[in-house]
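# Analysis of the macromolecular model
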Amino acid sequence: QKEVEQNSGPLSVPEGAIASLNCTYSDRGSQSFFWYRQYSGKSPELIMFIYSNGDKEDGRFTAQLNKASQYVSLLIRDSQPSDSATYLCAENQGGKLIFGQGTELSVKP
Amino acid sequence: GAVVSQHPSWVICKSGTSVKIECRSLDFQATTMFWYRQFPKQSLMLMATSNEGSKATYEQGVEKDKFLINHASLTLSTLTVTSAHPEDSSFYICSASQAGVGNEQFFGPGTRLTVL
């Protein structure tokens, strides 16, 4: 099974800053990727998905996919304390989601 | 839309007993349901994939005789942990997807299982 790698963090940013979360994957054939947010004790919530190379923006969130370099990232602009959570990157492998270990983000007021 | 529920939200049981967890898609028909397990401070690990009316496909290392999955209808899948032991204590999460809808999975709220 191919892997998805994330830095476990914690990543700490001040309120209002840009948080940058990164994910690399080993399966060159992967077509789609998902970013989820998970609060402690809760199940994951979908933030956004991306299929094509380049950037995809949704509000304060921007996902970036670079298939040549096999990485996908998530930028969170104007970070808020409520964004403090674990962010999970997932790769679609034949309809199954393979998750990275998650990056813990802490936004300090 | 796309709401998935799980029941119970938490359960405590004695070692050796069996526990059933239900996963329901409330407002859509789920052609495929997935079961995940998450230990503290770890990521979600896929246990099995089930399609309505057929046997579940288990991931490597997951004992199918211990984790029984039934997907009897397009809105309900169940996971039964048989002869549970303390090492089975975990957060069990199901998700559901619709055919041809970009492979997006909708997650249930999870079930916290504690085996004493």
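As a reminder, the structure under discussion sits directly above these lines.
Residues numbered from 1 in each chain as written. Chains lettered and ligands numbered in written order. Predicted model: local features only at pLDDT ≥ 70, side-chain atom pairs only at ≥ 80, totals over all residues. Heavy atoms only, no water.

Turning our attention to the sheet that holds strand β3 (residues 19-25) of chain A. Residue and element names in this part refer to chain A. With respect to topology, 5 strands assemble into an open sheet ordered β1-β3-β8-β7-β6, the strand pairing being antiparallel. For this open sheet the edge positions go to β1 (4-6) and β6 (54-58), each flanked by a neighbour on one side alone. The mean inter-strand angle of the sheet, taken between neighbouring strand axes irrespective of direction, is 20°. Bridge count between β1 and β3: 3 bridges; the pairing is antiparallel. Looking across to β3, one finds that Gln-6 is bridged to Cys-23. (Pairing = 2+ DSSP bridges. Helix = DSSP H or I, 4+ residues; strand = E, 2+ residues; numbered from the N terminus. Axes fitted to C-alpha atoms, helices over the stretch in contact; angles between N-to-C directions.)

Right, let's get into the sheet that holds strand β3 (residues 19-25) of chain B. Residues and elements named next belong to chain B. Here we have 4 strands laid out as an open sheet, ordered β1-β3-β8-β7, and antiparallel in their pairing. Since the sheet does not close on itself, it has two edges, and those belong to β1 (4-7) and β7 (67-73), each with one partner. Averaged over all neighbouring strand pairs, the angle between strand axes comes to 15°, with direction disregarded. Both β3 and strand β8 (residues 76-81) contribute to a ladder of 6 bridges, which runs antiparallel. Counted as the bridge partner of Arg-24 is Leu-76 from β8.

A word on the interface of chain A and chain B. The partner chain B presents 19 residues to the 19 residues of chain A that form the contact. Of all residues in chain A, A:Ser43, A:Lys96 and A:Phe99 bury the most surface against chain B, accounting for 28% of the area lost on that side. Taken together, the links from chain A to chain B amount to 1 salt bridge. Across the chain A-chain B interface, the total number found is 4 residue pairs in polar contact (both at pLDDT 80 or more). At the level of secondary structure, the elements contributing two or more residues to the side of chain A that touches chain B comprise β4 (33-38), β5 (45-50), β9 (85-93) and β10 (96-99) of chain A. Looking at the side of chain A that touches chain B residue by residue, the class counts come to 9 nonpolar, 8 polar and 2 charged. (Contact = heavy atoms within 4.5 Å. Buried area = accessible area lost by both parts, 1.4 Å probe. Salt bridge = Lys/Arg side-chain N within 4 Å of Asp/Glu carboxyl O. Polar contact = N/O pair within 3.5 Å; in protein donor to acceptor, adjacent residues only side chain to side chain. Nonpolar A, V, L, I, M, F, W, Y, C, P; charged D, E, K, R; others polar.)

Moving on, we come to the nonpolar core. Residue and element names in this part refer to chain B. Within the largest apolar cluster, 25 residues are counted, with the highest numbers of intra-cluster contacts made by Val-4, Trp-35, Phe-67, Leu-79, Tyr-92 and Leu-113. If you list the elements that add at least two residues to this core, you get β2 (10-13), β3, β4 (32-38), β5 (45-51), β7, β8, β9 (90-97) and β11 (111-115). The contacts of Leu-113, once residues within four sequence positions are left out, are Val-11, Cys-13, Val-19, Val-81, Asp-88, Ser-89, Ser-90 and Tyr-92. (Core = buried A, V, L, I, M, F, W, Y, C linked by side-chain atoms within 4.5 Å. Buried < 20%, exposed > 50% of the residue type's maximum accessible area, 1.4 Å probe, protein only.)

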